[in-house]
Amino acid sequence: MSQVPVMPTTQAPPPDEFETVPSGKIYGLMAEFDTPGALMIAAERVRDAGYRWWDCHTPFAVHGLDKAMGIKPTILPILVFVCGLAGATMGTVLQWFTNSSSFDLWSGLPGIMVRGYEFFISGKPASSFPTWIPVIFELTILFAALSAVGLMLLFNGLPRLYHPCFKSKNFARATDDRFFLVIEARDPKFVRSKAEAFLGSLDPLSIEALED
Amino acid sequence: MSTIIIDNTFEDPFRRAPLVLGHDNFTSVTEEICYVNEAPRPPKAWYVAFFISSALATFLVVLIGYLFVAGVGVWGNQNPVMWGFPIVNFVFWVGIGHAGTLISAILFLFRQRWRTGINRFAEAMTIFAVICAGMFPGIHIGRVWLAYWLFPIPNQMEMWPQFRSPLLWDVFAVGTYFTVSLLFWYTGMIPDLATLRDRANTKLKAMSYGILALGWRGSNRHWHRYERAYLLLAALATPLVLSVHSVVSFDFAVSQVPGWHTTIFPPYFVTGAIFSGFAMVMTLAIPARELWGLKNFITMRHLENMTKVILLTGTIVGFAYSMEFFIAWYSGSLYEKFAFINRAFGQYSWAYWIMVSCNVLTPQIFWFKKARSSIPIMFVASLLVNVGMWFERFVIVITSLSQDYLPSSWGYFTPTWVDIWMLIGSFGLFMTLFLLFIRFLPVIAIAEVKGVMPQAHVGHGHDHHLEDEQ
């Protein structure tokens, strides 16, 4: 790649140049770009045009695209911190309950009591915080890491094996070397003809309508 | 600007060394890396290696069956050396497993972008090494059907594990380490699995990669949370990796045995783990890059960086060996002093000197640029380091146990054939898993590699020309 295309000369190509879905509801319109730079400019324009239900699809995380799209920082770190604290609490309570209390706990199974067992060994105190530290630490990390991945997938709505984007043949290159921008039909500002002309003005390689 | 650079070992502060060679666009990067998985047949060497390693792994399974039927007497573990090979192998494999997370997490936090070429490898290696490691204490407990006693599960005796024991800390540390490493590995692989899914040419491939990729579609809203989660994982895994081998070292250091009861153990074990792990990454990466033509991604610069890490950690390990001796003398403790003199000149001195020559002397050749740029030298050195690090654990476990306080209970540990074949078999298991990984999963972090190419960077503002990037 010797030269990335410079600012597009804005000129809407005639509508018949695009593949279109003849009838029925569409999921959205997808524009294809061949460099992260071109996508970035397009994303800024779409953001400034006031669309809300739209997305970019890239083969790798493009640095700066979050800002170009106006994505707000995720609250994931705060939740992960809370889960880490839960892990620490769990570690403390688990060790205190099992090794240094005689606390009775109903397990929920018929006839089974779960109770702590005060364990005296080598004259050490039953409740000694320093010896709990490794397990508390490990459980903190375990809970935080599981929640980081779990919540990331949950917020992303994954796993979701079907998506309208996958109907497009071109879209397979979103994980290879092409950069896509999709404006969804549910966006309040979405009017198909206008959106098509607008995307055309961003100088994409192609525009495609996605079936719902 | 579009010139394709083939040497990146130069040291020029004004020029950033490229991390990907021979490619100037994303398409060819995808093609070249995916070819490892998509080639109709792997290289012949793969079949040979797979045949040997899976045979060894099968033999390991047979031996474990024999152990379960006959009992732990099939091992050389005897009074006073009750820990023997299983624990030596456990510590060895856990140590190997440390480089993966070090490369993925610590180098990630330090923005060492050269990690992208080798991190997937190293992470996979971590997972498989921890599997091998976890197996040994699992079968060492003797009555394997009671392995659930390791976990705080309510049981018929109304008893709980003893949380003041470092052995239990180990269960939690290694368990957490395995889980977090697996998450790290898998999370990093999701975008690349999607790449393989989208390139799949058979229904079976499309479905299996499709399910594994969880429907990843490269959405930037997803990337945003994904990157954040990845950063968090790195930040969590960094203290974790340091804690795991520290906890393993507590198994020794918290006891009263001379030669074990030292405060230097946690940092000394962690450094040794990184040292051996990097050596293992090198042992695996060198043949892999030759066989699958990955020299553009695992470049000479990557290998050279690894030799530098090996030199540094090897030297620290050497320093730790000498500090152990110094403290043994300085402490004035008779038993401590005896334990160390006995290590170097006693009945296991042969093991001690193998350890010193492999771990301390071998890495010193990497002071020379010539050694850092010669593949055969690197490969041999990495093998020697692996051998040396196994002997380090042997020396620590066996010498201290065989001759502790009471001369009347001294003994000499001799491994049985089962011990030796289980060790060899664990290498078979490790290599089997690794060869399957190379064949079926993305061996290099494709998305990350693309991200470190100059073409991936959009210049400041709208001026996305690339002059300032190269």
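You'll find the structure just up there.
What counts and how
- Residues numbered from 1 in each chain as written.
- Chains lettered and ligands numbered in written order.
- Predicted model: local features only at pLDDT ≥ 70, side-chain atom pairs only at ≥ 80, totals over all residues.
- Heavy atoms only, no water.
- Helix = DSSP H or I, 4+ residues; strand = E, 2+ residues; numbered from the N terminus.
- Buried < 20%, exposed > 50% of the residue type's maximum accessible area, 1.4 Å probe, protein only.
- Contact = heavy atoms within 4.5 Å.
- Areas by Shrake-Rupley, 256 points an atom, 1.4 Å probe, with all protein chains shown as cover.
- Lys, Arg positive; Asp, Glu negative; His and termini not counted.
- Charge placed at Lys NZ, Arg CZ, Asp CG, Glu CD.
- Pairing = 2+ DSSP bridges.
- Expected span 1.5 Å × (residues − 1).
- Buried area = accessible area lost by both parts, 1.4 Å probe.
- Polar contact = N/O pair within 3.5 Å; in protein donor to acceptor, adjacent residues only side chain to side chain.
- Salt bridge = Lys/Arg side-chain N within 4 Å of Asp/Glu carboxyl O.

*Asks:* Teacher, can you tell me more about the overall build of chain B here?
*Replies:* Scanning chain B from N- to C-terminus turns up 16 helices and 0 strands. In terms of its C-alpha atoms, chain B occupies a principal-axis envelope of roughly 80 × 50 × 40 Å. Expressed as a percentage of its 470 residues, the buried residues of chain B come to 59%. In chain B, the proportion of contacts linking residues at least 24 apart, taken out of those at least 6 apart, comes to 79%. When the accessible area of chain B is evaluated, it comes to approximately 18,600 Å², of which 70% is carbon and sulfur surface. The distance from the centre of the 30 positive side-chain charges to the centre of the 26 negative ones in chain B is 4 Å.

*Asks:* Help me understand the pairing of strand E5 (residues 179-184) of chain A in this model?
*Replies:* Each regular strand carries side chains that alternate between the two faces of the sheet. Residues and elements named next belong to chain A. The buried count for E5 comes to 6 of 6 residues, which makes it a mostly enclosed element. The side-chain alternation of E5 yields two buried faces, one formed by Phe179, Leu181 and Ile183 and the other by Phe180, Val182 and Glu184. Pairing between strand E1 (residues 26-33) and E5: 6 bridges, direction antiparallel. Considered in E5, the bridge of Ala31 is made with Leu181. Strand direction decides the pairing type here: strand E2 (residues 54-57) and E5, joined by 4 bridges, are antiparallel. When the bridges of E5 are listed, Trp54 appears paired with Ile183.

*Asks:* Teacher, can you tell me more about unusual backbone geometry here?
*Replies:* Trans peptide bonds make up most of the peptide bonds, and negative phi angles are found at most residues other than glycine. In the segment running from Leu158(A) into Pro159(A), the intervening peptide bond is cis, with an omega of -5°. A positive phi angle is found at Asp203(A), which is not glycine, with a value near 65°. Looking at where Asp203(A) falls in the secondary structure, it is placed in the loop between helix H5 (192-200) and strand E6 (206-211). For Asp203(A), a relative accessible area of 43% translates into the label partly exposed. Unlike most non-glycine residues, Leu214(B) shows phi in positive territory, near 60°.

*Asks:* Explanation requested: helix H11 (residues 334-345) of chain B in the structure shown.
*Replies:* For an α-helix, 3.6 residues make a turn, and residues three or four places apart therefore share a direction. The terminal C-alpha atoms of H11(B) lie 16 Å apart, and with 12 residues this matches the ideal 16 Å at 1.5 Å per residue to within 8%. Looking at H11(B), one finds that the buried residues are Glu336(B), Ala339(B), Phe340(B), Asn342(B), Arg343(B) and Ala344(B).

*Asks:* Would you mind going over the interface of chain B and chain A with me for this structure?
*Replies:* Each partner contributes residues to the interface: chain B has 64 residues there, and chain A has 77 residues. Ranking the residues of chain B by area buried against chain A places Trp160(B), Arg164(B) and Arg217(B) at the top, with a combined share of 14%. One can count 28 residue pairs in polar contact (both at pLDDT 80 or more) joining chain B with chain A. Of all elements in the fold, only helix H1 (26-38), helix H6 (166-199), helix H7 (203-212), helix H8 (220-253) and helix H16 (446-451) of chain B reach the threshold of two or more residues within the side of chain B that touches chain A. No other element matches the 17 residues that H8(B) contributes to the side of chain B that touches chain A.

*Asks:* Where do I start with the side chain of Asp170(B) in this structure?
*Replies:* Residues and elements named next belong to chain B. Structurally, Asp170 can be placed in helix H6. Although buried, Asp170 forms no salt bridge, and the nearest oppositely charged side chain, Arg393, lies 12 Å from it. Among residues more than four places away in sequence, those in contact with Asp170 are Phe90, Gly175, Val247, Val248 and Asp251.

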